[in-house]
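Residues per chain are reported as follows:
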Amino acid sequence: GPPRTGQLRNHRGRSLAIEFTIVALCKPTDEESGAVITFRDVTEESRIRDELAYQAEHDRLTGLVNRASFENRLYALTKRNGITPLKALLYLDLDQFKLINDTCGHEVGDHLLANLSRQLRNVVPEPHCLARLGGDEFGILVVNCPEDEVLALAEVIRQTVVDYRYRMQDLSFQVGVSIGVAFFVVGEDTPSALL
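Here the residue numbering is sequential within each chain, running from 1 through the sequence in written order. Local features in a predicted model are, by the rule used here, given only for residues with pLDDT of at least 70; side-chain atom pairs are given and counted only at 80 or more, and totals for whole chains, interfaces and linings are based on all residues. Heavy atoms from the whole structure form the basis of all side-chain values; hydrogens and water molecules are not counted.

So what exactly am I meant to see when it comes to the pattern of salt bridges here?
Pairs can form between side chains of opposite charge once their charged atoms are near each other. The salt bridge definition used is simple: a Lys or Arg side-chain nitrogen within 4 Å of an Asp or Glu carboxyl oxygen. Summed over the entire model, instances satisfying the criterion amount to 7 salt bridges. Here Arg73 makes a salt bridge to Glu57, at a shortest N to O gap of 3.9 Å. With Arg73 in helix H2 (residues 67–79) and Glu57 in helix H1 (residues 43–57), this pair connects stretches of sequence that are 16 residues apart. Residue classification places Arg73 among the partly exposed positions, given a relative accessible area of 34%. Relative accessible area decides the class of each residue, using a 1.4 Å probe on protein chains only: under 20% of the type maximum gives buried, over 50% gives exposed, and in between gives partly exposed. Accessibility expressed as a relative area gives 37% for Glu57, which makes it partly exposed. Notably, a salt bridge pairs Arg132 with Asp59, separated by 3.3 Å at the nearest N-O pair. Pair noted here: Arg132 is in strand S5 (residues 129–134) and Asp59 is in the loop between H1 and H2, with a separation of 73 residues, a long-range link. Of the two residues, Arg132 and Asp59, neither departs from the other in class, the shared state being buried. For helices the rule is a DSSP run of H or I covering at least 4 residues; for strands it is a run of E covering at least 2, with both sets numbered from the N terminus onward.

And the structure:
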């Protein structure tokens, strides 16, 4: 039959991803007399496949979920049937970021985005989905949170951004953020309308 997959631990205790096949050995009388088992190390192929899958769903600069993956998740949330908890979309747009990019260059802007993304990740709890939608825009999908908690999260995010300072040599940069909040009902709202 086709190769099967599994895990094999080597003599150093390292776990390897393998493909293996088992072929029965038969005598002329069709009586089984043993088997040949072949193993193939597919650890590197498995690692590359996992890395490509990760890159397809995540932003290279920040490590956050990317726009395509975010929109897929939003679409799935708007289509889910049955009794569903309250859901909300937060759309963030950084203020003054373009000015920093234009005056200091994209490298400084990229560092600021990467560092600020780590700060945002610290205040957006699981299972909410934080994504970079492009440029200086971020999105958050909030699931199963009462309206007042969603607004409180938006305020925590706003304060986190305002308090953040990016320092480079003797310069210090600060940005603000504008946040839009849209609560949505499954089956009634479309992703494009919410965005």
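From this point, the narrative continues.
What is the right way to read the nonpolar core from this model?
A general trend in soluble globular proteins is that nonpolar side chains are found buried together. Ranked by size, the top nonpolar core spans 28 residues in total, and within it Leu90, Leu94, Leu112, Ile140, Val142 and Ile157 carry the most contacts. We call two residues contacting when some pair of their heavy atoms lies within 4.5 Å. When residues no more than four places from it in sequence are discounted, the contact partners of Leu94 are Leu113, Leu116, Asp136, Phe138, Val161, Gly176 and Val177. The term nonpolar core refers to a set of buried residues drawn from Ala, Val, Leu, Ile, Met, Phe, Trp, Tyr and Cys, joined through side-chain atoms within 4.5 Å.

Is there a simple way to explain the environment of Val142 in this structure?
The topology assignment puts Val142 in strand S6 (residues 137–143). Judged by relative accessible area, which is 1%, Val142 ranks as buried. Between the alpha carbons of Val142 and Val162 there is a distance of 21 Å; along the sequence they are 20 residues apart. Residue contacts for Val142: discarding those within four places in its chain leaves Leu86, Lys87, Ala88, Leu90, His128, Val150 and Leu153.

For this particular structure, what's the right way to read the sheet that holds strand S9 (residues 176–184)?
Within a beta sheet, neighbouring strands are joined by backbone hydrogen bonds and run either parallel or antiparallel to one another. If you walk across this open sheet you meet the 4 strands as S5-S6-S4-S9, and the pairing is antiparallel. The sheet is open, and its two edges are formed by S5 and S9, each paired on a single side. Between one strand and the next, the sheet's axes are offset by a mean angle of 20°, whatever the strand orientation. Judged from the 7 bridges that link them, strand S4 (residues 87–95) and S6 form a sheet pairing that is antiparallel. By the bridge assignment for S6, Tyr91 is matched with Gly139. In this scheme, strands are said to pair when DSSP sees at least two bridges between them. To get an axis, fit a line to the C-alpha atoms, keeping to the stretch in contact for a helix; angles then go from 0 to 180 degrees between the N-to-C directions.

Can you help me understand the packing of aromatic side chains in this one?
Working definition: an aromatic ring pair is given by the centre-to-centre distance plus the angle between the planes. In summary, the pairing rule links any two rings of Phe, Tyr or Trp, Trp by its six-membered ring, whose centres are within 6.5 Å, and it sorts them by plane angle into stacked for under 30 degrees, edge-to-face for over 60 and tilted for everything else. Applying the stated criterion across every chain, the model contains 2 aromatic pairs. Ring centres of Phe20 and Phe39 lie 6.3 Å apart, and the angle between their planes is 40°; this geometry places the pair in the tilted category. Within this pair, whereas Phe20 is found in strand S2 (residues 15–26), its partner Phe39 is found in strand S3 (residues 32–41), the two being separated by 19 residues in sequence.

Is there a simple way to think about the sheet that holds S3 in this case?
Pairing is antiparallel in the open sheet, where 3 strands are placed in the order S1-S2-S3. Strand pairing shows two members of the sheet lacking a second neighbour, strand S1 (4–9) and S3, which therefore form its edges. Here the strands of the sheet are splayed against their neighbours by 45° on average, with no regard to which way each runs. The sheet contact formed by S2 and S3 spans 9 bridges and is antiparallel.

How do you make sense of unusual backbone geometry when you look at a structure like this?
Outside of glycine, negative phi angles account for most residues, and trans bonds account for most peptide bonds. A cis amide bond, omega 5°, links Glu126 with the succeeding residue Pro127. As for its placement among the helices and strands, Pro127 is situated in the loop between helix H4 (106–123) and S5. The residue Asn144 is not glycine, and still its phi comes out positive at about 60°. Tracing the backbone shows Asn144 in the loop between S6 and helix H5 (147–163). Taking relative accessible area as the criterion, Asn144 reaches 57% and is therefore assigned exposed.

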